[in-house]
Amino acid sequence: MKAHVHVTLKTGVLDPQGKAIQHALAALGFDGVEDVRQGKFIELKLAETDAEKARASLDEMCRKLLANTVIENYTIDLVEE
Amino acid sequence: MKSAVIVFPGSNCDRDLAVALEKVTGFRPIMVWHGEADFDKVDLIALPGGFSYGDYLRAGAMAARSPVMKEVVKRANRGVPVLGICNGFQVLTETGLLPGALMRNANLKFVCKDVWLKVERTDTIFTNRYARGQVIRIPVAHHDGNYFADADTIRRIEDNGQVAVRYCDADGSFSPASNPNGSIGNIAGIFNEAGNVLGMMPHPERLIEPALGGADGRGFFESVMQELVA
């Protein structure tokens, strides 16, 4: 089974890279981009076939390594192959 | 005084740190590779600057989970002094030994220059050789030195007096211009609650004798020395 993990900065944490992207988009003529937040996308392939167990394990991976919960949130999506 | 410098793949200030420690303490530190799960008993553990594991995932994230850091965390919790400089500071926040996180510099640029720092505490094992409020000049060289913690954490570390040094102007005053990276409260270095762990973005090991352009950084190493010998 595959999993998609998105790691994003928490609301209220300044994202200077997102701001720079927003300004660059404006410079390219893309008007009306009101905000940009940059994050990470991590794709994992798991041997586990039980969705519940996979989710529990992924949650632990996120808390222990994939995200820094001081500044980041994460979401986990299981993807059927 | 025996010390250890922890070396990760991608560390690049480990030798400078070792030279500084040897000059000040008179003993050559042991160099401990990241894969070592155990090492000799030492009086000080130092984590150097650099780009451990190429800054993969987040600066310090991989190093914080390396075998040697399990032992460093264990010893830190027993009271052994631990000093993390630059990438070492990032590693310490990633292990949870120090609160908060170091984020990308607010202006997105790598900053490499001398900065002025105000020493906030002098009753600690790392800063007893400085005067309270003393302004010192030490270089920074980093891309991710923007100290962040949530409002409750900032309040707690301020109330506890855990801020070791802050970026300031040459006259010791604080202004946005003296803050090289956007750190909250101009924070350049913090202690853990017990005071035996210090993380700082500036590089004291780079200014330990006049031949290098100044000796303002020497006090951090002399302080530990003084504390342990006294």
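Scroll up to find the structure.
Before going into details, it helps to say that this report is about the structure given with it. On a predicted model such as this, the values are computed, not experimentally measured, just so you know.

1. Structural notes on the overall build of chain A
Part 1 of the reasoning: Across its full length, chain A carries two helices and three strands.
Part 2 of the reasoning: Rg of the C-alpha trace for chain A: 16 Å, well past the compact-globule value of 12 Å for 81 residues, more than 25% over.
Part 3 of the reasoning: Residues classed as buried in chain A amount to 28% of the 81 residues present.
Part 4 of the reasoning: With an accessible surface of roughly 5,300 Å², chain A has 53% of that area assigned to carbon and sulfur atoms.
Part 5 of the reasoning: A gap of 5 Å separates the mean positions of the 10 positive and 14 negative side-chain charges of chain A.

2. A look at the pairing of strand S9 (residues 163-168) of chain B
Residues and elements named next belong to chain B.
Part 1 of the reasoning: Burial analysis of S9 places six of its six residues in the buried class, which makes it a mostly covered element.
Part 2 of the reasoning: As defined by bridge partners, strand S6 (residues 111-119) adjoins S9 across four bridges and the pair is classed as antiparallel. Residue Trp116 lies in a different strand from S9, and its bridge partner there is Cys168.
Part 3 of the reasoning: By the bridge criterion, three bridges tie S9 to strand S10 (residues 187-191) in an arrangement that is antiparallel.

3. Section: the pattern of salt bridges
Part 1 of the reasoning: Enumeration over the complete set of coordinates arrives at 20 salt bridges over all chains.
Part 2 of the reasoning: Put simply, Lys40 and Glu72 of chain A together with Arg58, Arg65 and Glu94 of chain B are held in one network by salt bridges that share partners.

4. Let's talk about the sheet that holds strand S7 (residues 135-142) of chain B
All names here are of chain B.
Part 1 of the reasoning: Read from one edge to the other, the open sheet built from nine strands follows the order S2-S1-S3-S4-S11-S10-S9-S6-S7, with strand pairing classed as mixed. Of all strands in the sheet, those bounded by a partner on one side alone are strand S2 (30-33) and S7. In this sheet, neighbouring strand axes are inclined to one another by 25° on average, regardless of whether the strands run parallel or antiparallel.
Part 2 of the reasoning: Taken together, the four bridges between strand S4 (residues 82-85) and strand S11 (residues 197-200) define a ladder with parallel strand orientation. Within the sheet, the bridge partner assigned to Gly84 lies in S11 and is Gly199.
Part 3 of the reasoning: Those strands touched by helix H1 (residues 14-25) are strand S1 (3-7), S2, strand S3 (44-47) and S4, and its axis lies near 175° from that of S1.
Part 4 of the reasoning: The strands touched by helix H5 (residues 151-159) within the sheet are S9 and S10, with S10 carrying the most contacts at an inclination of about 70°.

5. Details of the interface of chain B and chain A
Many authors give the size of an interface as the accessible area that is lost as the parts come together.
Part 1 of the reasoning: Taken together, the contact between chain B and chain A spans 13 residues of the former and 16 residues of the latter.
Part 2 of the reasoning: Of the roughly 1,200 Å² buried between chain B and chain A, counting both surfaces, carbon and sulfur atoms make up 68%.
Part 3 of the reasoning: The largest per-residue losses of area from chain B upon contact with chain A belong to Leu57, Arg58 and Met103 of chain B, which jointly make up 39% of the total buried on that side.
Part 4 of the reasoning: For the interface between chain B and chain A, the tally reads one salt bridge.

6. Digging into the nonpolar core
All names here are of chain B.
Part 1 of the reasoning: Core analysis: the largest hydrophobic core is formed by 66 residues, its most contacted members being Ile6, Phe39, Ile45, Tyr147 and Phe221.
Part 2 of the reasoning: Broken down by element, the residue count for this core peaks at five residues, all from H1.
Part 3 of the reasoning: The contact partners of Ile6, leaving out residues within four places of it in the chain, are Ser11, Val32, Phe39, Ile45, Ala46, Leu47, Pro48, Val68 and Val72.

7. Regarding the sheet that holds strand S1 (residues 2-9) of chain A
All names here are of chain A.
Part 1 of the reasoning: What the three strands build is an open sheet, ordered S2-S1-S3; its pairing is antiparallel. In the strand order of this sheet, the two ends are held by strand S2 (39-45) and strand S3 (72-79), each with one partner. This sheet shows a mean twist of 15° between the axes of neighbouring strands, independent of strand direction.
Part 2 of the reasoning: Direction of pairing for S1 relative to S3: antiparallel, over a ladder of eight bridges. Within the sheet, the bridge partner assigned to Leu9 lies in S3 and is Glu72.
Part 3 of the reasoning: Packed on one face of the sheet, helix H2 (residues 51-66) meets S1, S2 and S3 and runs near 155° to S3.

8. Some details on the packing of H1 of chain B against helix H6 (residues 218-229) of chain B
Axes are the key here: two packed helices are described by the angle between their axes and the distance separating the axes.
Residues and elements named next belong to chain B.
Part 1 of the reasoning: For the pair H1 and H6, interaxial distance at closest approach is 10 Å and the crossing angle is 55°. Judged by the angle between their axes, H1 and H6 are oblique. Pair H1 / H6 crosses with right-handed handedness. On H6, the residues that touch Leu17, Ala20, Leu21, Lys23, Val24 and Thr25 of H1 are Arg218, Phe221, Glu222 and Met225.
Part 2 of the reasoning: For the contact of H1 with H6, the class distribution of residues is six nonpolar, one polar and three charged.

The rules behind each value
Residues numbered from 1 in each chain as written. Chains lettered and ligands numbered in written order. Predicted model: local features only at pLDDT ≥ 70, side-chain atom pairs only at ≥ 80, totals over all residues. Heavy atoms only, no water. Helix = DSSP H or I, 4+ residues; strand = E, 2+ residues; numbered from the N terminus. Rg over C-alpha atoms; globule rule 2.2 N^0.38 Å. Buried < 20%, exposed > 50% of the residue type's maximum accessible area, 1.4 Å probe, protein only. Areas by Shrake-Rupley, 256 points an atom, 1.4 Å probe, with all protein chains shown as cover. Lys, Arg positive; Asp, Glu negative; His and termini not counted. Charge placed at Lys NZ, Arg CZ, Asp CG, Glu CD. Pairing = 2+ DSSP bridges. Salt bridge = Lys/Arg side-chain N within 4 Å of Asp/Glu carboxyl O. Axes fitted to C-alpha atoms, helices over the stretch in contact; angles between N-to-C directions. Contact = heavy atoms within 4.5 Å. Buried area = accessible area lost by both parts, 1.4 Å probe. Core = buried A, V, L, I, M, F, W, Y, C linked by side-chain atoms within 4.5 Å. Parallel < 35°, antiparallel > 145°, perpendicular 65-115°, else oblique. Left-handed = near helix turned anticlockwise from the far one by under 90°. Nonpolar A, V, L, I, M, F, W, Y, C, P; charged D, E, K, R; others polar.

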